[in-house]
Structure formats: structure tokens, C-alpha cells
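So you can see what is in the structure, the chains are spelled out below.
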Amino acid sequence: MKPIHVFSEIGKLKKVLLHRPGEEVENLTPDLLERLLFDDIPYLKIAQEEHDAFAKILQDNGVEVVYIEKLTAETLDLSDDIKNNFIDEFLFESKIHSDNMKKSLKEYLLSMDTQAMVNKMIAGIRKTELAGYKRTTLVDVVNDFYPFITEPMPNILFTRDTFASIGNGVSFNHMYTNVRQRETLFCDYVFKYHPDFKDGNVPHWYDRDEDTYIEGGDQLVLNKETLAIGISERTESAAIEKLARKVFAHPENTFKTILAFDLPHQRSFMHLDTVFTQIDHDKFTIHAGIEGPLRIFKITSDPSSEYGLKITVESKDVQTVLSETLGRQIELIRCGNGDIIDGGREQWNDGANTLAIAPNEIIVYSRNHVTNELLANKGVKLHIMPSSELSRGRGGPRCMSMPLVREDLE
Ligand SMILES: NC(=O)NCCC[C@H](N)C(=O)O
């Protein structure tokens, strides 16, 4: 089996990548929430308990759970060179430019064991914790009010977004916001050097140094022939074209069609998986807000065209386009039963963001009880996880997980 094997959204989940929330959550302050893309400050202890419950559901159902922070530490422990280069790149991307500051930070980071160092990089380094921190550069003086030398990365919790497993390959994403850019450095090193991944001959469908942005919450693998990608606040059409050309050109490629959904560019529709996830061969959850007039583009390979792609605009509704493309009648189950209040509230709390661990078997947030009851009545097997604190980061079970291996569907 190759290290990455994901040809559907619903095949039995065998291995998944998570991040257990840590001290970065305690580095959120009201002034920083908007910049750091959180809507409130989770209570870390409870957030960790909720996350452990999530991991336990996965493990109890035969899924191997690996953590990005642990894989990164194992990777950096492989050699001093790898560790040194990682620190240098991290500091560069954290915009630490003065030589003095770089030197003191490097000494500080190297004084810790590798796991503690990785956790600290994710948590952010406060000005108060660096002994002898002095304002030396113009940047330091200008930013005097800012409490961090390196910024916290609370969104690394959402492992779905930084890279996406597609078939046997990976899309290393260029994130839309600067604050999420450094997250992709961690998986970049893991895939380059970690023994579980480096020799796997994993094709890259996209690279983090591309100049157009794309995020994993917008990248769905509907089956071995079909991808769905959101054109959203976080993913631009130019990035989808680049990815499409790479995927279609690969000698072992199985994907023939990419459906691109043109979403409203606003936070409540942040990614395609914020409004739409697959539950079973013929069932999806959906936010009623995207069922209506929505442009959907069908992208296929066309070697005779100048850009190598054929684009057609589908003028039908989501249900019809999906039914025709997947070759079966599709049922869309509305978040909050489509009610303007229940649907609005539960979609905001990721009621439409479910993680399938097998066909017709999904992990959902407890707080979305209207949607959950509807799903249970439709015969969907639910694994319900606690969700008071984790939901404050605006991501659900699908956002908090990146499948590495799924069994193929029959
Ligand atoms: N796939 C997803 O929808 N991920 C959720 C990301 C939430 C995070 N706070 C963000 O704004 O990027």
C-alpha cells in the first residue's frame, strides 16, 4: 500500500492525520481573534478532551491516528541538518530578519527537546519569554504593542486544509491567508524526509510555493474518477486549473472530471466542505444556501485545447449535476432541515461538515442536534463527539482531519 491512498470521501478510513490542540489556543486574545481566524477563545482543557474523544472514536473504529506535531518531531530528529534547516525556514517565514534575533531564537528553540520545540513553534513565542529580548530594529519598535515574536498557529488544528490527499498524490496547498502559510512547512518536511512517506513516490498535485491559493477544505474526492473543488474565499480558479493539469497529466491518473463549485466568498461559506460533505454513495449533507443558483463548472482533459482543459458551465442545480456525474440518484440532506434558523445556526457550527469513516457512517458534532436527528432518521450511523470548545475555531470533524489512507470502494 502506498503512503497516500484516498480515492473517495467515504471508503473505510484506515489512517488519518490530526493535530491535538495545545498552548497556541492559550495565546489567543480578543485583539487577535480576527487576524488568527478564530471566533472565540476555546477553553484549552476542554478542547483537548473533546479532541481526545474525536481521536478515540477513530481508534475504536480501527483507524490509525497520527499527529502532525509528532511526525514533525520524528522528522527533525532524523538529522541535525534537517532540524537546523527547518528552524531557519521557520524563522524566515516568521519574518525574523535581524541576525541577533535569529541567533537568540535559534538558541532558545534548540535548548528544548525536539517535541517541545515543535510544540513551541506552533504555540508562538511571547516577547516576555525570551530572556533579554530588546527592541533593536525599526520593526521591533514599530510593533512594540504586539506580544509575540513568532505568531501562534491555532489553525493547524484544521489538518484538512494545509494539504490534501488525492488518489496516491498530495496537493501541498498555498494558503489564502498569511497567518496559515507556515502550517504547510510542517507537512512539507514530513513528506520530504519522514521514512513513512519519503520513499512513497508521492506525486505533488500542487506546491506550497505556487503564487495562487488553494485550501484542502475545498478539495473533495467524490470517487476515483471525480473531484469536487470549491472556488471560494480560500481557493481561486487559477489554482484549480494548475492542479487539474497536473492530475490529468499523470500516467497513472484515474480522475477524469473536476466539478468546480463557485461559492459565495464569505466566511460562513469559507470552504466547500463548510457547506457540503459526502456521507454515503448517494447521500450528502448540504447547507440549503448553496442549493439554489450556483455556477458549477465541469473540467475535463482536452489535449487539443491551448490550455489542455475543456471547461463547460453546468446550468443545472447541485443535485442534478451530482446525480448525472456520479451516475446515481443523489439525496441532499439539508443542515438544520433547511430551517432558516436551525440551518443557519447549525451550519455556522459545522453541521454540514461531517467526516465519513465508512459508507453511511460519520462523525458529527453533538451541538448540531437538529441535523443529527435528521441524519439518524435517514438511517445514517452517527458517532457523536463533544463540541462546545472545538467549534469556536469554525471547523468540524472533516476540517480537523486529513485522511491518508482509505479502503477502495467496491
Ligand atoms: N476545511 C475547513 O473548513 N476548515 C476550517 C478552517 C477554520 C479556520 N479557523 C480558518 O479560518 O482557516
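Residues numbered from 1 in each chain as written. Predicted model: local features only at pLDDT ≥ 70, side-chain atom pairs only at ≥ 80, totals over all residues.

**Regarding the environment of Leu37**
For Leu37, the position within the fold is in the loop between β1 (13–18) and α1 (44–60). For the pair Leu37 and Asn155, spaced 118 residues apart in sequence, the C-alpha separation works out to 7.6 Å. What Leu37 contacts, discounting residues up to four positions off in sequence, is Asn155, Thr177 and Val179. (Helix = DSSP H or I, 4+ residues; strand = E, 2+ residues; numbered from the N terminus. Contact = placed C-beta atoms within 7 Å.)

**A few points about the UniProt feature "active site" (unreviewed entry) in the protein**
If you check UniProt for "active site" (unreviewed entry), the listed places come out as Cys399 in our numbering. Mapped onto the secondary structure, Cys399 falls in the loop between β18 (381–385) and β19 (402–406). Apart from the residues lying within four places of it in its own chain, the contact partners of Cys399 are Phe158, Arg160, Asp161, Gly217, Asp273 and Asn353. (UniProt positions renumbered as here; feature names shortened; annotations may be inferred.)

**Some words on the sheet that holds strand β17 (residues 361–365)**
Spatially, the 3 strands line up as an open sheet ordered β16-β17-β18, and their pairing is mixed. What marks the edges here is a single partner per strand, and that holds for β16 (355–358) and β18. For this sheet, the mean angle separating the axes of adjacent strands, direction not counted, is 30°. Pairing of β16 with β17, which is carried by 3 bridges, proceeds in the antiparallel orientation. The residue of β17 that forms the bridge with Ala356 is Ile362. Running over the sheet, α1 touches β16, β17 and β18 and is turned about 150° from β18. (Pairing = 2+ DSSP bridges. Axes fitted to C-alpha atoms, helices over the stretch in contact; angles between N-to-C directions.)

**Structural notes on the domain arrangement of the protein**
The domain boundaries assigned to the protein delineate domain 1 (13–68 + 154–406) and domain 2 (70–150). Relative to domain 2, the C-alpha centre of domain 1 lies at a distance of 30 Å. Across the boundary between the two partners, domain 1 contributes 16 residues, which contact 16 residues of domain 2. Taken together, the elements giving at least two residues each to the side of domain 1 that touches domain 2 come down to β2 (64–67) and α9 (183–193). Of the residues forming the side of domain 1 that touches domain 2, the biggest block, 5 residues, is contributed by α9. When the residues that make up the side of domain 1 that touches domain 2 are grouped by side-chain class, the tally is 9 nonpolar, 4 polar and 3 charged. (Domains from an automatic or database assignment. Nonpolar A, V, L, I, M, F, W, Y, C, P; charged D, E, K, R; others polar.)

**Details of unusual backbone geometry**
Of note in this structure, Lys95 is not a glycine but carries a positive phi near 65°. Its place among the elements puts Lys95 in the loop between α3 (80–93) and α4 (99–110).

**With respect to the site of the ligand**
Taken together, 16 residues are adjacent to the ligand, and Leu37, Gly217, His271, Gly395 and Cys399 come closest. A per-class count over the shell around the ligand returns 5 nonpolar, 6 polar and 5 charged. (Near = placed C-beta within 6 Å.)

**Here's the deal with the pairing of strand β8 (residues 219–223)**
Counting buried positions over the 5 residues of β8 gives 5, a clear majority of the element. Pairing geometry for β8 and strand β9 (residues 226–231), over 4 bridges, is antiparallel. Residue pairing across strands places Leu220 opposite Ala228, the latter belonging to β9. Between β8 and the antiparallel strand that follows it, β9, lie 2 residues. (Buried ≥ 20, exposed ≤ 12 C-beta atoms within 10 Å, placed from the backbone.)

**Some thoughts on helix α5 (residues 114–123)**
Within α5, burial applies to Met117, Val118, Met121, Ile122 and Ala123. Close packing links the buried residues of α5 with α2 (68–76), α3 and α4. A positive backbone phi angle near 95° is found at Gly124, which sits one or two residues after α5.

**With respect to the packing of α3 against α9**
Between two packed helices, what matters for the description is the angle formed by their axes and the separation of those axes. Where α3 contacts α9, the two axes come as close as 11 Å, and the packing angle between them is 155°. In terms of their interaxial angle, α3 and α9 are classed as roughly antiparallel. Along this stretch, α3 crosses α9, giving a crossing that reads as right-handed. Touching Ile82, Phe86, Glu89, Phe90 and Glu93 of α3 are Leu185, Tyr189 and Tyr193, all from α9. Of the residues in the contact of α3 with α9, the class split is 6 nonpolar, no polar and 2 charged. (Parallel < 35°, antiparallel > 145°, perpendicular 65-115°, else oblique. Left-handed = near helix turned anticlockwise from the far one by under 90°.)

**Details of the nonpolar core**
Leu227, Ile240, Ala260 and Ile286 are the most contacted members of the largest nonpolar core, which has 98 residues in total. Three or more residues apiece are contributed to this core by two domains, here domain 1 (13–68 + 154–406) and domain 2 (70–150). Leu28, Leu36, Ala47 and Leu390 belong to the second largest nonpolar core, which has 7 residues in total. (Core = buried A, V, L, I, M, F, W, Y, C linked by C-beta atoms within 7 Å.)

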